[in-house]
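Here is what each chain is made of, one letter per residue.
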Amino acid sequence: MLHCVQREEYRACSIRKEARRRKDGLLKNLEDGGTPPDAGASQGVRAKKRRRHRNAAQKQAAPVNGTGAAVPGKQDGTSQDQRTKKRRKRRRGRKVYARDGAPTLSGAAPQPSGSALAGPLPPVAAVVPLAAASARAAAQDPTALPWRRPGGGAPAYAALDLGTNNCRLLVAVPTRPGQFRVVDAFSRIVRLGEGLSGSGRLGELAMHRAVEALKNCAEKLASRDIRKARLIATEACRSAANGAEFLARVTESTGLVLEVIDRETEARLAVSGCGSLVEKDTEGVVLFDIGGGSSEIALIDISVRRTGRLADHIVSWTSLPVGVVSLSERFGGRHVTPEIFAAMVEDVAAMLDVFEGREKLGEIARSDRFHLLGTSGTVTTLAGIFLELPRYDRRRVDGLWMEAGDVDRMVSNLVGWEFDQRVANPCIGPDRADLVLAGCAILEAIRRVWPSQRLRVADRGLREGILAELMAEDGAWRRGREHRQQRA
């Protein structure tokens, strides 16, 4: 709409300039002793100018297709008095911007204040009838989507991860081999596993938060041409006694069918999502993903050879039945003394002691070509604090290297902070303030078993791993390479 306003203003300005030039020419002609032009011709010019001004005003007042066009039955947020006032401004040559009450570029009507999830979402209702078809499709192919919309542009791939603490969605299109471009994303802390460690069941409030977040995801999926997708649920739905009931409720409310993956698949997907962060001269990596209800650890040996899929080089893995939510519920997360923090570390270390494959990397784990690779909110939070970011910035955090001394200092600082200080930090905030120390305790237990001078931070994980595997299996990058060759 703003471009339309500027275009009409430019046209009106041109008309005014032309009128001034004609007037100046007329005065000069009279001063030189000439005769005035025909009166009828002058009136015709003035009438033509008035018509141009009138047409310009009418075009400005009318909706333009694709740029804020009015929808029957909906209000565009602009009253008749406001439109009349804007037309007067345009006649006087004043600029009118969207802040004057004009519809936005997206054409959406102004939303009322308050939570966007307070009432039912009409677009989601259109997805609900697809629940039965989605269930049948998932039984045959969990990546097949009945709501795929043909003709909507470049086909995209989607990955949804409903964890114990977060609900996350990524929609991306393949670009260069091994890479993709994110076109839509969603992330919300839902704490689905809140109270699970004590009761063994998902709480009603927690399930409601998760379903409301998933409605947003369903709306985003329904609005795009999705070629393939994988929608997964992890530890909370795996271990809860009412996990199956909750998944049925999700399907009924949103039309989404979630696939509960096992811990081995979860570890493999985490590795697949971080393949590009392992450098060529690296011989061994311990990758860990500290979740809300479980923590996955994978030992990766690439000293002999390296293929395109990092997950092919996993020599040992484990999934600890502990995460930031479950650990903080057992030990407390708001007021954590150094003694409580040490007890957390010992609790996780005892779980690692019974991991039989922890020595599979052998001497590689003690060489200079070995490092830790962490993908979780814990390590990204530490990285944000280390960089002293005024607000979290994924571009600066993802791929960051931290030395062992830097990690020690950040963990020590966090243990010394009070709860209010953690809340005030822009990289922690109120949603993670009671969980971050539990994550640090799990990190410290891992560093005890595999001490390393370097830790690489990854702001990526299961969703990126799902997208990479979907695109590779579907031949998306191969088709793109063939298409580029044909164009060349």
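Bear in mind that the values here come from a model prediction, so they are computed numbers and not experimental data. (Residues numbered from 1 in each chain as written. Predicted model: local features only at pLDDT ≥ 70, side-chain atom pairs only at ≥ 80, totals over all residues. Heavy atoms only, no water.)

*Asks:* When you look at the pairing of strand β6 (residues 284–290) in this model, what are you seeing that I'm missing?
*Replies:* Here is the key point about a regular strand: its side chains alternate between the two faces of the sheet. Counting buried positions along β6 yields seven of seven residues, so the element is predominantly enclosed. Connecting β6 to the next strand, strand β7 (residues 295–301), in antiparallel fashion are four residues. Bridging between β6 and strand β9 (residues 370–374) involves five bridges; their strand directions are parallel. What sits directly across from G284, in β9, is F370. (Buried < 20%, exposed > 50% of the residue type's maximum accessible area, 1.4 Å probe, protein only. Helix = DSSP H or I, 4+ residues; strand = E, 2+ residues; numbered from the N terminus. Pairing = 2+ DSSP bridges.)

*Asks:* What am I meant to see in the pattern of salt bridges here?
*Replies:* Should the charged atoms of two oppositely charged side chains come close, the side chains can pair. Applying the stated rule across the entire model yields 26 salt bridges. Across the salt bridge formed by E212 and K215, the nearest N and O atoms sit 3.3 Å from each other. One end of the pair, E212, and the other, K215, are both in helix α7 (residues 204–222), three residues apart, so they sit about a helical turn from each other. Each of the two residues, E212 as well as K215, counts as buried. Three or more residues joined by partner-sharing salt bridges are found here, namely E235, R238, R263 and E266. (Salt bridge = Lys/Arg side-chain N within 4 Å of Asp/Glu carboxyl O.)

*Asks:* What's the story with the packing of helix α13 (residues 377–386) against helix α15 (residues 404–416) in this structure? I'm lost.
*Replies:* A pair of packed helices is captured by two measures, namely the crossing angle of their axes and the spacing between those axes. Contact geometry for α13 and α15: axes closest at 10 Å, N-to-C directions at 95°. On the basis of the axis angle, α13 is roughly perpendicular to α15. Touching L382, I385 and F386 of α13 are D406, R409, M410, V411 and L414, all from α15. The residue inventory of the contact of α13 with α15, partitioned by class, reads six nonpolar, no polar and two charged. (Axes fitted to C-alpha atoms, helices over the stretch in contact; angles between N-to-C directions. Parallel < 35°, antiparallel > 145°, perpendicular 65-115°, else oblique. Contact = heavy atoms within 4.5 Å. Nonpolar A, V, L, I, M, F, W, Y, C, P; charged D, E, K, R; others polar.)

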